[in-house]
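Structure at a glance
The lines below spell out each chain.
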Amino acid sequence: MLSSLLHTAEIQIKGRPMRTGLMIGASDGPDGTINGLIKIAQEAEAKGYDNVWMANIFGLDAISTLSLLGHSTKKIGLGTAVTPTYPRHPTAIAQQALTAAAASENRFSLGIGLSHKVVIEDMLGYSYDKPARHMREYLSILGPLLKGETVAFQGDQFKVNNVKLDVPGATHVPILVAALGPVMLKLAGELADGTVTWMTGLNTLGDHIIPGIGKGAASAGKPTPTIAAGFPIVLTNKVDEAKTMIDKVLSIYGMLPSYRAMLDKEGAAGPSDVAMVGDEASLRASIKQLKDVGVTDFCASIVAEDTETYQRTFDFLAEETA
C-alpha cells in the first residue's frame, strides 16, 4: 500500500509545473535595503516571477521584511528560506507568520530550519542536543497554531498551555522545513507541507531528498510535498571566473556540516559544483533537469559580481518563467 502511495506521489510531483522564485539574502544583491528589496520584489512580480524567497542570516529579519514586501505587492508568493527555530518560541514565530500572511493576503509560506550547531550552541548559547526532537515538538505546536487551533502541549523542550492565536486576515500558512537527513525528511513529510533545500545537488534531490520526504508524507496520508530547491545561478560566458567567485562568496556553506554532507553526497567539492553557471542553453538545461527530477519551486539565488550580470540573469529567469 505504501509503495503504491509513493509511486502515485512521485507521478504527481513530476507532473506539476515548476514555479520559479527569486532568492534574496543568501548573498549580496544590488540593493539590500528595505526600499531596495521592495523594489526588487515589485520588479520580480512585474516580470512574472512566481515567488520571492528570503534567507534569514545576520541581517534583516526575513519574516518582517517579507511582510513589508507582501504589503507592497499584489500577487507574488513570499517565503522564508529559512528562519531558525531555536531563537524563537513556536508561539512567537506563529504570530509573526500569521501577521506576514495577513500583510500579503495569504501569499506567505514559512520556511524554518534548525540552523547549525556553530550558530545555535556556540554563538547563541542554546543546547543543540536532540535537534530532531526539538523540531518534532516545535511543529507539534506551530502547525495547529497556524490553523487557528488551541494548543495544549507538554514536551521535553516545550510546554504550552491553551494558547490560541487570532490574526485578522490570516487564513493559511504553509510550513516548509529545511530537511536533509533521513529523520528530518520523514518528520517534514509527516508534520509540514514540504521542504526547502540549499547546497543540495540534482542527484541528491532525486535520490534522497524527494523520496525521503515523500515517504514521510505518504505514511501520514498527506498530499505530495512542496520541494523548494535553492541554487546559486549566474548567466555568463566566463564560467571559470564565475565559479571561483561563487566558491569565494559562498565558502561558508562548503564548511557547515549539514551542507558539507550534502555536497559530499553529490560528489561536489564546493558550492560552485552545484551552482548553475553558463550561457542560456546551459542554464535552460539545468532548470529543465530540476523540473524533471520533481522540484516544485526553483529558488534562484543570483550570485553576480556586477549589476549588469545580475540584471541579465534576472531577466533571463523572468523570460523562462513566462
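Summary of the structure given here. Computed from a predicted structure; not experimentally measured.

Points about the nonpolar core
Residues L110, I112, V177 and F298 are the most contacted members of the largest nonpolar core, which totals 105 residues. Apart from the residues within four sequence positions on either side, F298 is in contact with M18, R19, T20, G21, A229, F231, I233, M276, I287, L290 and L317.

Details of the packing of helix α8 (residues 202–219) against helix α11 (residues 280–293)
Between α8 and α11, the least distance of the axes is 10 Å, while the angle of their chain directions is 10°. In this view, α8 runs roughly parallel relative to α11, as classed from their interaxial angle. Of the residues in α11, those in contact with L202, L205, G206 and I210 of α8 are Q289, L290 and V293. Looking at the contact of α8 with α11, its residues break down into five nonpolar, two polar and no charged.

Side note on the packing of aromatic side chains
What the rule picks out here adds up to six aromatic pairs. Relative to F314, the ring of Y49 has its centre 5.0 Å away and its plane inclined at 40°; by these criteria the two rings are tilted. Placement of the pair is Y49 in the loop between α2 (34–47) and β2 (51–54) and F314 in helix α12 (residues 307–321), with a sequence separation of 265 residues. When its relative accessible area of 4% is taken as the criterion, Y49 is described as buried.

What counts, and at which threshold
- Residues numbered from 1 in each chain as written.
- Predicted model: local features only at pLDDT ≥ 70, side-chain atom pairs only at ≥ 80, totals over all residues.
- Heavy atoms only, no water.
- Core = buried A, V, L, I, M, F, W, Y, C linked by side-chain atoms within 4.5 Å.
- Buried < 20%, exposed > 50% of the residue type's maximum accessible area, 1.4 Å probe, protein only.
- Contact = heavy atoms within 4.5 Å.
- Axes fitted to C-alpha atoms, helices over the stretch in contact; angles between N-to-C directions.
- Helix = DSSP H or I, 4+ residues; strand = E, 2+ residues; numbered from the N terminus.
- Parallel < 35°, antiparallel > 145°, perpendicular 65-115°, else oblique.
- Nonpolar A, V, L, I, M, F, W, Y, C, P; charged D, E, K, R; others polar.
- Phe/Tyr/Trp six-rings, centres within 6.5 Å; stacked < 30°, edge-to-face > 60°.

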